[in-house]
Each structure stands twice: as C-alpha cells, then as structure tokens.
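Fold and contact review
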Amino acid sequence: MKQNTLKSILPDTLKANYLILIEIPIVVILGLLSKFYPGPYREWVNNSLGGVFYVVFFILIFALFARKNRIWLVSLSVLLVTSGLEFLQLWQPPFLQAIRSTFIGRTLIGTTFVPSDFSYYVIGAVLGYILAYNLKKEV
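Values in this document were obtained by computation on a predicted structure and should not be read as measured data. (Residues numbered from 1 in each chain as written. Predicted model: local features only at pLDDT ≥ 70, side-chain atom pairs only at ≥ 80, totals over all residues. Heavy atoms only, no water.)

With that out of the way, let us pick up the overall build of the protein chain. Within the protein chain, the secondary structure is distributed over 7 helices and 0 strands. When the elements of the protein chain are put in sequence order from the N terminus, they spell out α-α-α-α-α-α-α. Buried residues in the protein chain amount to 34% of all 139 residues. Considering only intrachain contacts with a sequence separation of at least 6, the fraction spanning at least 24 residues in the protein chain is 68%. Within the structure as shown, the protein chain displays about 8700 Å² of accessible surface, and the carbon and sulfur contribution to it stands at 71%. (Helix = DSSP H or I, 4+ residues; strand = E, 2+ residues; numbered from the N terminus. Buried < 20%, exposed > 50% of the residue type's maximum accessible area, 1.4 Å probe, protein only. Contact = heavy atoms within 4.5 Å. Areas by Shrake-Rupley, 256 points an atom, 1.4 Å probe, with all protein chains shown as cover.)

With 22 residues, the main nonpolar core has I20, V55, I59, L60 and A132 as its most contacted residues. For this core, the secondary-structure elements that each account for two or more residues are α2 (12-36), α3 (42-63), α4 (71-88) and α7 (117-135). When residues in this core are grouped by element, the largest group, 8 residues, is from α3. (Core = buried A, V, L, I, M, F, W, Y, C linked by side-chain atoms within 4.5 Å.)

This part covers the side chain of S34. Structurally, the position occupied by S34 is in helix α2. For S34, the side chain forms a polar contact with the main-chain oxygen of G31, separated by 2.6 Å. Sequence-distant contacts of S34, that is, excluding residues within four places in its chain, are made with V45, N46, G50 and F53. (Polar contact = N/O pair within 3.5 Å; in protein donor to acceptor, adjacent residues only side chain to side chain.)

Here the focus is the packing of aromatic side chains. Scanning the model with the defined rule gives 10 aromatic pairs in all. Aromatic side chains F87 and F118 sit 5.2 Å apart centroid to centroid with 40 degrees between the ring planes, which places their arrangement in the tilted category. Residue F87 is found in helix α4, and its partner F118 is found in helix α7; the two are separated by 31 residues along the sequence. Judged by relative accessible area, which is 48%, F87 ranks as partly exposed. Look at W91 and F95: their rings are 5.7 Å apart centre to centre, the planes differ by 80 degrees, and that puts the pair in the edge-to-face class. Its relative accessible area of 49% is what places F95 among the partly exposed residues. One cation-aromatic arrangement involves K68 over Y133; the distance from NZ or CZ to the ring centre is 4.6 Å. (Phe/Tyr/Trp six-rings, centres within 6.5 Å; stacked < 30°, edge-to-face > 60°. Lys NZ or Arg CZ within 6 Å of the ring centre and 35° of its normal.)

Turning to the packing of α3 against α4, a few remarks are in order. Across the interface, α3 lies against α4 with an axial gap of 9 Å and an inter-helix angle of 135 degrees. Our classification of the angle between α3 and α4 gives oblique. Judged by the sense of rotation from one axis to the other, the crossing of α3 with α4 is right-handed. On the side of α3, the interface is formed by Y54, V55, F58, I59, F62 and A63, while α4 contributes I71, V74, S75, V78, T82 and L85. Taken together, the residues of the contact of α3 with α4 break down into 10 nonpolar, 2 polar and no charged. (Axes fitted to C-alpha atoms, helices over the stretch in contact; angles between N-to-C directions. Parallel < 35°, antiparallel > 145°, perpendicular 65-115°, else oblique. Left-handed = near helix turned anticlockwise from the far one by under 90°. Nonpolar A, V, L, I, M, F, W, Y, C, P; charged D, E, K, R; others polar.)

As enumerated under the stated definition, the model contains 1 salt bridge in all. Between R42 and E43 there is a salt bridge, with the nearest N and O atoms lying 2.9 Å from each other. By relative accessible area, which is 48% here, E43 ends up partly exposed. (Salt bridge = Lys/Arg side-chain N within 4 Å of Asp/Glu carboxyl O.)

This is how it looks when you write it as structure tokens:
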C-alpha cells in the first residue's frame, strides 16, 4: 500500500504555499521584535528596519494568492502601496490621527513622513520577492 505523505494529502493551494505559511509568522515575530528592540541602534531598528519586515510580510501574504511567475507583480504592487502610505503620512486629518494614536495604527500606516524609509521599502520588496519566489512551489 502506498504511504501518504503530508504533501500528498494537502490541497494544491497548500502544497504551493506551505513554506510561505511557515515563513509568515517568522516575519511577523521579527517585525514586532524590531519595534521593541532595546539595544544598540535602537532608534534605527525601531523606526526604519521594521519597514523591511513590513514589506516582506505583505508580499508573502499576497504571494499566497499569486502564481509563482507573478510574484514580481505582487512585490511591485506592495512597494507602490507602501510608498503611497508613506506619502499619506503627510496628511494629518483627525480620523487618521485617531488611527495613528493606536499601536496597530502606527504600525500599519505610520506617523511621520521620512523620505529615507523608501530605501527600506525597496530592500523589503527585493528580499520579499526573492523569498516568496523561492518558497512558492509549482503544483
């Protein structure tokens, strides 16, 4: 009798994405740790390096729904949206300020426009592309 492995009994969607599903919590943990890092270069890690993890996280999430040959489009889209959110920080209406006053709001949409953050978004997009492309399996 043929022995079933975990990969052979999973639906095709999970077969193509199980490595990404394993990686997402790791990226979330690294991103959260970067927000609370107390050591050397604390300001940089807390405020800038987290942008890399932020972009990688969203690329991995959307890569779950994309074919392997479209990961570049996912990465570019996340980079553009993230850059748009950075510009959105220049707008300070009361409803956005209320959202930004919470930890989740600060984490998701930011509080202060910092032009150097764009470089971290680009790094995150490149790393996210490489990671998602290499983790995504053909079914």
